[in-house]
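Coordinate analysis (summary)
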Amino acid sequence: MPLLTVSCLSKRFADGALPVVNGLSFEVEEGETFALLGPSGCGKTTALRCIAGFEQPDSGTVSLGGQMFTGGGTLVPPERRGIGFVFQDYALFPHLSVRDNVLFGLGSLPKRERGDRADEVLRLVGLGGFEARKPHALSGGQQQRVALARAMAPRPRLLLLDEPFSNLDALLRQEMRERVRDLLKREGMTALLVTHDQEEALSFADRVAVMQNGRIDQTGTPEEIYATPRTLFVAQFLGRTNLLLTQADGEEADTVLGRLRLNRAVHGSVLLSIRPEHLALAATPDNAASLEGTILGREYRGHDITYRVQLGGIDCLVHTDNRTRFGPGDTVWVRALEPAVVLERVGEVTP
Ligand code: ATP
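Residues numbered from 1 in each chain as written. Predicted model: local features only at pLDDT ≥ 70, side-chain atom pairs only at ≥ 80, totals over all residues. Heavy atoms only, no water.

What follows is about helix α1 (residues 44-52). Residues three or four positions apart in an α-helix share a direction because the helix packs 3.6 residues into each turn. Counting buried residues in α1 gives 7 out of 9 residues, a clear majority hidden from the surface. Along α1, the positions that sit buried rather than exposed are Lys44, Thr46, Ala47, Leu48, Cys50, Ile51 and Ala52. Where α1 terminates, the next one or two residues include Gly53, which has phi positive at roughly 95°. (Buried < 20%, exposed > 50% of the residue type's maximum accessible area, 1.4 Å probe, protein only. Helix = DSSP H or I, 4+ residues; strand = E, 2+ residues; numbered from the N terminus.)

On to the layout of surface pockets, then. Computed from the structure, the largest pocket encloses a volume of approximately 500 Å³. Lining the largest pocket are 16 residues, with Ile83, Gly84, Phe85, Gly105 and Pro154 positioned closest to its centre. Where the lining of the largest pocket is concerned, the elements lending two or more residues are β7 (83-86) and α4 (140-152). Grouping the amino acids of the lining of the largest pocket by side-chain chemistry returns 11 nonpolar, 3 polar and 2 charged. Surrounding the second largest pocket, Tyr226, Gly239, Arg240, Pro276, Glu277, Arg301, Thr306 and His319 form its lining. Of the residues contributing to the lining of the second largest pocket, the split by class is 2 nonpolar, 3 polar and 3 charged. (1 Å grid on protein atoms, 1.4 Å probe; cavity = no way out; pocket = protein on both sides within 12 Å on 5 of 7 lines; lining within 4 Å. Points joined across faces, edges and corners; volume = space filled by probe spheres on them. Nonpolar A, V, L, I, M, F, W, Y, C, P; charged D, E, K, R; others polar.)

Here the focus is the site of the ligand. In the vicinity of the ligand, the contacting residues are Phe13, Val20, Pro39, Ser40, Gly41, Cys42, Gly43, Lys44, Thr45, Thr46 and Glu163. Between an oxygen atom of the ligand and a main-chain N or O atom of Gly41, the distance comes to 2.8 Å. The side chain of Thr46 places a nitrogen or oxygen atom 2.5 Å from an oxygen atom of the ligand. Here the ligand loses 55% of its free accessible area of 640 Å² to cover by the protein chains. When its residues are assigned to classes, the shell around the ligand shows 4 nonpolar, 5 polar and 2 charged. (Near = heavy atom within 4 Å. Polar contact = N/O pair within 3.5 Å; in protein donor to acceptor, adjacent residues only side chain to side chain. Areas by Shrake-Rupley, 256 points an atom, 1.4 Å probe, with all protein chains shown as cover.)

The next subject is the nonpolar core. Formed by 42 residues in total, the largest nonpolar core has its most connected members in Val102, Leu148, Leu159, Leu161, Leu184 and Val208. When residues of this core are assigned to their parent elements, the largest contribution, 6 residues, is made by α4. Once you skip the residues sitting within four places of it in the chain, Leu184 turns out to touch Leu159, Leu161, Met189, Ala191 and Phe204. Core analysis: the next-biggest nonpolar cluster, separate from the first, contains 28 residues, Leu3, Phe34, Ile51 and Leu192 among them. (Core = buried A, V, L, I, M, F, W, Y, C linked by side-chain atoms within 4.5 Å. Contact = heavy atoms within 4.5 Å.)

By domain assignment, the chain separates into domain 1 (4-229) and domain 2 (240-343). The interface is formed by 4 residues belonging to domain 1 together with 6 residues belonging to domain 2. Interface area, domain 1 with domain 2, both sides summed: about 440 Å², of which 52% is carbon and sulfur. Counting across the domain 1 and domain 2 interface gives 0 salt bridges. Seen at the junction of domain 1 and domain 2, the total is 2 residue pairs in polar contact (both at pLDDT 80 or more). Residue classes in the side of domain 1 that touches domain 2 are distributed as 3 nonpolar, 1 polar and no charged. (Domains from an automatic or database assignment. Buried area = accessible area lost by both parts, 1.4 Å probe. Salt bridge = Lys/Arg side-chain N within 4 Å of Asp/Glu carboxyl O.)

Inspection of the secondary structure puts Thr195 in strand β9 (residues 191-195). Judged by its relative accessible area of 0%, Thr195 is buried. A polar contact is formed between the side chain of Thr195 and the side chain of Glu200, at a distance of 3.2 Å. Not counting the four nearest positions on each side in its chain, Thr195 is found in contact with Leu36, Leu37, Gly38, Lys44, Glu163, Glu200 and Ala201.

Here it is in structure tokens:
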């Protein structure tokens, strides 16, 4: 049985307005790190607040470990849900020391145990020695770790993380993501993260649900949703891609990139997605399936390069490592390394 079950959750803030959360359903397994990923305003925070009990949904249910929290006439208050929350702005008490911030959530434990647990989690997050500091005397990354320690200290059954890394600079963000993920796994904690950052969701979570307009488009492992997006929205939200509109005849289709294998058999008009790194560039035709094109532009990004190539009347993107040396006007040969992904068309019925 999943630990958290969210079923058909809906919430609108004004009569007649569109729902901000619109029939949202997903499950999180015990010990899993799960991310809700979507653009700003798609309803992620509202969904999280409904799960925590800070917001009352109009309909739908939320249950944790088989206990109904919201729905069927039940509404368990936030403090009785056993859920920890790390807010985007950390929400630390400015007048309390680091240790007292962590102790705050431990009121239910006997006094001596409280101190031991606060010291233990502060050590876990790498803040041993910072106990007496006030939040204003800490860096952003350190404040974030205090917020995390405070939320983890009472050993919540579920930890909710609302864009917890967004206030950190790029390097620190990456480091904190790794640290927090390790910590959650070491503590066997179940966590639900909301973020608009696709790289964050893909690198942090065991499974990701991609949201738009208050509902989920697709749920899967990071590899599944990136490699085989189901919809145009998911394909484009997770990274750059080449889109091809064509006719398919079973497991292959003729396209401007030549005859491509498809990830699933389909007949008739199709919209295909092929990622820039699933195409290869060469100075000579190294394969019968290579097609001639011309380099239009080059975007050097240190560890890799993205080329814009004109080919068969379209511009396509091709990703290479940083050792290629093509420039605008060069003739190149392009070939597909992976099957193209068939995207679901509006109105298409998936069997
Ligand atoms: P972000 O990534 O920018 O935080 P989000 O996906 O978390 O966005 P929400 O914060 O859930 O989105 O907001 C979704 C929509 O609901 C927004 O248009 C927002 O303005 C609106 N909204 C959120 N809270 C309220 C409220 N209390 N009253 C009225 N509208 C609200």
